[in-house]
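Each chain is listed here by its residues.
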Amino acid sequence: MQLVVDVGNTETVIGLASGPTELVADWRVSSSVPRTADEMTALIRALLTGSGVDENRIVRGVVGSVVPSVNYVWSKTIKTITGADVVSVGPATDLGIRLEVEEPMSVGADRIVNTLAAREMYHRDTIAVDLGTATTFDCITADGAFQGGVISPGLRAGLDWLS
């Protein structure tokens, strides 16, 4: 199994995958609570234990983060749990997709993973809409090319602005 982590500005989603499309368990934690690697490791171990998961079955960890300040904590936590080097998703990661935009190094991990997922799941031209702290609309081709998109305020920010 692999432990996959999507670090967003508001929440971090943690999943335990046993295959390309099989999710065994998932959890959400706040991204705004500062934690040390020791605290994060204890938290993840508690979540795994609470779900009846033997951490010794986890052989790999993957992190996609749009919050660079927590990358060290997540990498250290996952390496402690898995004993393996952590795969960090970013613009330079070889995932078999293409970033066909003027500044590919500015594409966030969330949009990269959405591109990979659209290619693997749908095999067709796709507009991926991701509702988070921000709402993104991304144009992705059937063969896995991120062609750009739009970032707008998320639902909460939009509601705050309206009120």
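None of the values given here were measured: they were computed from a predicted structure.

Caption draft 1: Region of interest: the nonpolar core. Judged by nonpolar contacts, the single largest core of 21 residues is most densely connected at Leu3, Val5, Ile14, Leu16, Ile44, Leu48 and Trp74. Looking at this core, the elements with two or more residues in it are strand S1 (2-7), strand S2 (11-17), strand S3 (23-30), helix H1 (37-50) and helix H2 (71-82). Sequence-distant contacts of Leu3, that is, excluding residues within four places in its chain, are made with Ile14, Gly15, Leu16, Ile44, Ile58, Arg60, Gly61, Val62 and Ile78.

Caption draft 2: A look at the sheet that holds S2. Taken together, the five strands give an open sheet; going across it, the order is S3-S2-S1-S4-S5, and neighbouring strands pair in mixed fashion. Bordering the open sheet on either side are S3 and strand S5 (86-89), each of which pairs with just one other strand. Ignoring which end each strand starts from, the neighbouring axes of this sheet average 15° apart. On top of the sheet, H1 reaches S1, S2 and S3; it is set at about 140° to S3, its chief contact.

Caption draft 3: Representation of the packing of H1 against H2 within the structure. It is the contact of H1 with H2, at a shortest axis distance of 9 Å, that shows an interaxial angle of 50°. One element, H1, and the other, H2, form an angle in the oblique class. Regarding H1 and H2, the two cross each other, and that crossing is right-handed. On H2, the residues touching Ala37, Met40, Thr41, Ile44, Arg45 and Leu48 of H1 are Val73, Trp74, Lys76, Thr77, Thr80 and Ile81.

Caption draft 4: Broad picture of a nonpolar patch on the surface. Nonpolar side chains collect at one region of the surface, where Ile127, Val129, Leu131, Phe137, Val150 and Leu155 lie side by side and expose about 610 Å² of accessible area between them. When residues of the nonpolar patch are assigned to their parent elements, the largest contribution, three residues, is made by strand S7 (residues 126-131). In this fold, Leu155 is placed in helix H4 (residues 155-162).

Caption draft 5: Structural context of the side chain of Thr82. For Thr82, the position within the fold is in helix H2. A relative accessible area of 14% places Thr82 in the buried class. A distance of 3.1 Å separates the side chain of Thr82 from the backbone nitrogen of Ala84, its partner in a polar contact. When sequence neighbours within four positions are dropped, the list of residues in contact with Thr82 reads Ile58, Val59, Arg60 and Gly61.

Caption draft 6: Local environment of the sheet that holds strand S9 (residues 145-153). With mixed pairing, the four strands of this open sheet are ordered in space as S6-S9-S8-S7. The open sheet has two free edges, formed respectively by strand S6 (98-99) and S7, since each of these has just one partner strand. Sheet contacts for helix H3 (residues 109-122): S6, S7, strand S8 (134-140) and S9; angle to S8, the most-contacted strand, approximately 45°.

Caption draft 7: Region of the structure containing the pattern of salt bridges. A full pass over the atoms with the stated rule returns seven salt bridges. Put simply, Asp85 and Lys79 hold a salt bridge, and the shortest N to O gap is 2.8 Å. A relative accessible area of 59% places Asp85 in the exposed class. Given the relative accessible area of 41%, Lys79 is considered partly exposed. Among the charged side chains, a network of salt bridges with common partners joins Arg98, Glu100 and Asp143.

Cut-offs applied
Residues numbered from 1 in each chain as written. Predicted model: local features only at pLDDT ≥ 70, side-chain atom pairs only at ≥ 80, totals over all residues. Heavy atoms only, no water. Core = buried A, V, L, I, M, F, W, Y, C linked by side-chain atoms within 4.5 Å. Buried < 20%, exposed > 50% of the residue type's maximum accessible area, 1.4 Å probe, protein only. Helix = DSSP H or I, 4+ residues; strand = E, 2+ residues; numbered from the N terminus. Contact = heavy atoms within 4.5 Å. Pairing = 2+ DSSP bridges. Axes fitted to C-alpha atoms, helices over the stretch in contact; angles between N-to-C directions. Parallel < 35°, antiparallel > 145°, perpendicular 65-115°, else oblique. Left-handed = near helix turned anticlockwise from the far one by under 90°. Patch = residues over 30% accessible without salt bridge, like charges linked within 9 Å, V, L, I, M, F, W, Y side chains within 5 Å. Areas by Shrake-Rupley, 256 points an atom, 1.4 Å probe, with all protein chains shown as cover. Salt bridge = Lys/Arg side-chain N within 4 Å of Asp/Glu carboxyl O. Polar contact = N/O pair within 3.5 Å; in protein donor to acceptor, adjacent residues only side chain to side chain.

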